[in-house]
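# A closer look at the structure
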Amino acid sequence: MKNIILSAKDITKHFPGILANDHINFDLYEGEIHSILGENGAGKTTFMNILDGLYIPDEGEIYIKGKKAKILSPIDAMNYGIGMIHQHFMLVDTLTVLENVILGLKDQGIFINESNISKKINEISEKYNFKINPKAKIWQLSLGEQQRVEIIKMLIRGANILILDEPTAVLTPQETDMLFDILQQLKSEGKSAIFISHKLEEVMDISDRITILRKGKVVGTVNKKDITITDLATMMVGREVFFSFEKKPLDTNEILLKIENLEGYNDRGVKTLKGLNLTIYRGEIFGIAGIGGNGQEELVEIITGLRKATKGKIFLKDIDITNSSPSTILKKGVSYIPSDRLKDGLIPNLTPLENSILKCYYKPPIYNRGIINYINAKKYTENLINEYNVMVPLMNAPVRLLSGGNLQKLLLAREISENPILLIAVHPTRGLDINATEFIRKKLLEVRNSGTTVLLISEDLDELLMISDRIGVIFNGKIVGIVNPNEVDIKDIGLMMGGSRYINNKEGEF
């Protein structure tokens with residue numbers, strides 16, 4: 001029997017009006033990878049923040065190797081050997097790997113022994129096959145390499161327990177495999193990991209045991225070998241969850257969107273689109289796969305009029321919309337779900353009603369004789385909320401108080417209600433639980449079946465394979481391959497995302 005390295009007893013945490021953690025009990029064994037699953041709002045992040053010292057529990061106790069631990073800050077957590085790797089890396093882009101590792105190290109004094117720390121980085125890199133140059137700037141590294149820097153930071157600081165929050169969200173399949181190899185090696189050395197993910201396949205792949213939270217409570221802890229993915233999903237949401245969807249076959253060759261030799265720059269003045277060509281048909285879901293930073297953001301912003309193209313043409317139903325204004329493109333029938341729902345999609349301090357009518361406040365029946373008819377606006381908003389099952393506790397409260405899943409459903413409802421001919425959805429399910437994810441994927445298929453074309457940008461390859469009719473892979477500002485999701489292996493897509501040409505590629509070139 002393995003020793004328990006960490007134990008949480010009756011952990012309880014309240015926030016105003018919310019019981020986030022309700023007497024949670026949890027054990028982590030030495031040399032174990034233990035996953036935690038749950039919907040958004042189930043209490044996972046709160047519990048992890050308590051273990052990492054960011055929150056202090058209202059009730060309950062934490063034990064490390066059988067002894068009661070007093071964790072009041074992340075420094076305390078690290079002193080107990082607990083290190084958390086957040087989904088959004090805590091690195092300074094303009095500093096080197098070495099400088100980032102030095103930040104936060106204790107007992108450095110005035111004079112820092114850089115050669116000694118550099119030696120330790122190289123030793124860890126060699127041991128785990130990280131291939132990290134201590135002198136490299138963070139911005140020069142891929143996301144997978146940046147994540148390995150975070151792991152190096154924790155190991156140098158003496159962590160025996162790693163908490164990983166959505167660690168594969170920005171990784172290619174190959175980088176995910178590398179991460180899992182690292183975790184297995186750490187496990188073989190007696191270190192333990194708490195793994196948080198919404199991807200059930202990954203949880204089943206990497207875990208020894210799995211704890212499921214629902215509404216702040218533990219509903220069960222199971223051995224991986226004793227459970228199925230379907231059972232896990234049912235435990236998470238309390239009902240059966242569907243993992244496949246029926247798609248009507250495409251029956252059109254009508255071109256809806258055509259992009260020719262498109263070029264554009266990012267905010268730093270770097271050319272990120274380098275002659276991109278793409279043809280998308282009416283009524284299809286066209287998925288775009290790629291590692292972040294390869295031109296996806298610029299492509300979407302140029303299509304929607306938020307950024308100017310420096311070269312090339314964009315045609316919507318044979319109409320040249322290149323560098324048209326966002327309002328013009330909106331009126332042509334293009335709707336847009338941006339990747340950051342609060343920053344770019346909704347206005348955080350406005351109410352659900354005010355956010356719902358942002359695209360139709362100037363049209364009847366909302367607009368009448370120079371003023372907004374709030375009776376009709378309320379009726380319109382309530383219909384959207386009911387149809388899309390948006391949980392809105394207070395209609396007059398700002399939307400920033402809603403959960404991520406409800407924010408996304410409200411945004412989706414507003415954009416689809418415009419009956420667009422083209423719906424652009426960027427990471428529509430990122431960070432959402434399995435329940436909200438299932439709902440949004442169904443809605444995207446519904447609008448596709450009604451004749452709307454969907455341009456889906458996602459880093460979730462399972463999602464792209466599940467609902468796309470075709471998938472284009474973007475690398476270094478170009479489409480390097482277009483594949484049929486029913487005829488391609490996920491590993492091939494991963495290779496293309498890293499720059500390899502697809503052997504059957506006929507539409508995209510480097």
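In what follows, the structure referred to is the one given above.
Described below are features of the structure shown in this document. (Residues numbered from 1 in each chain as written. Predicted model: local features only at pLDDT ≥ 70, side-chain atom pairs only at ≥ 80, totals over all residues. Heavy atoms only, no water.)

The subject of this paragraph is the sheet that holds strand β19 (residues 422–426). Strand pairing in a sheet is mediated by backbone hydrogen bonds. Such pairs are either parallel or antiparallel. If you walk across this open sheet you meet the 6 strands as β16-β19-β20-β13-β21-β22, and the pairing is mixed. Whereas interior strands pair on both sides, the edge strands pair on one side only; in this sheet they are β16 (334–337) and β22 (478–483). Within the sheet, the average angular offset between the axes of one strand and its neighbour, ignoring direction, is 20°. Direction of pairing for strand β21 (residues 470–475) relative to β22: antiparallel, over a ladder of 5 bridges. Considered in β22, the bridge of Ile474 is made with Ile479. (Pairing = 2+ DSSP bridges. Helix = DSSP H or I, 4+ residues; strand = E, 2+ residues; numbered from the N terminus. Axes fitted to C-alpha atoms, helices over the stretch in contact; angles between N-to-C directions.)

Attention now moves to the packing of helix α14 (residues 404–416) against helix α15 (residues 434–449). Where α14 contacts α15, the axes come no closer than 10 Å and their chain directions differ by 10°. Considered as vectors, α14 and α15 are oriented roughly parallel to each other. Where α14 abuts α15, its residues Gly405, Gln408, Lys409, Leu412 and Ile416 lie against Ala436, Phe439, Ile440, Lys443, Leu444 and Val447. (Parallel < 35°, antiparallel > 145°, perpendicular 65-115°, else oblique. Contact = heavy atoms within 4.5 Å.)

Our next topic: the layout of surface pockets. Quantified by volume, the second largest pocket comes out at close to 610 Å³. Taken together, 25 residues line the second largest pocket, and the ones lying closest to its centre are Met78, Leu103, Gly104, Met154 and Arg157. Looking at the lining of the second largest pocket, the elements with two or more residues in it are α2 (74–79), β6 (82–85), α4 (114–128) and α5 (143–156). Taken together, the residues that form the lining of the second largest pocket break down as 13 nonpolar, 6 polar and 6 charged. (1 Å grid on protein atoms, 1.4 Å probe; cavity = no way out; pocket = protein on both sides within 12 Å on 5 of 7 lines; lining within 4 Å. Points joined across faces, edges and corners; volume = space filled by probe spheres on them. Nonpolar A, V, L, I, M, F, W, Y, C, P; charged D, E, K, R; others polar.)

Between its terminal C-alpha atoms α5 stretches 20 Å, which fits the 20 Å expected from 14 residues at 1.5 Å a residue. Where burial is concerned, most of α5 is hidden: 12 out of the 14 residues are buried. Those residues of α5 not exposed but buried are Gly144, Gln146, Gln147, Arg148, Val149, Glu150, Ile151, Ile152, Lys153, Met154, Leu155 and Ile156. On its buried face, α5 sits against α2, β6, α3 (97–102), α4, β7 (161–165) and α6 (173–188). In the stretch just after α5, Gly158 is the one whose phi turns positive, near 90°. (Expected span 1.5 Å × (residues − 1). Buried < 20%, exposed > 50% of the residue type's maximum accessible area, 1.4 Å probe, protein only.)

Function cannot be read off these values alone, since they describe shape.
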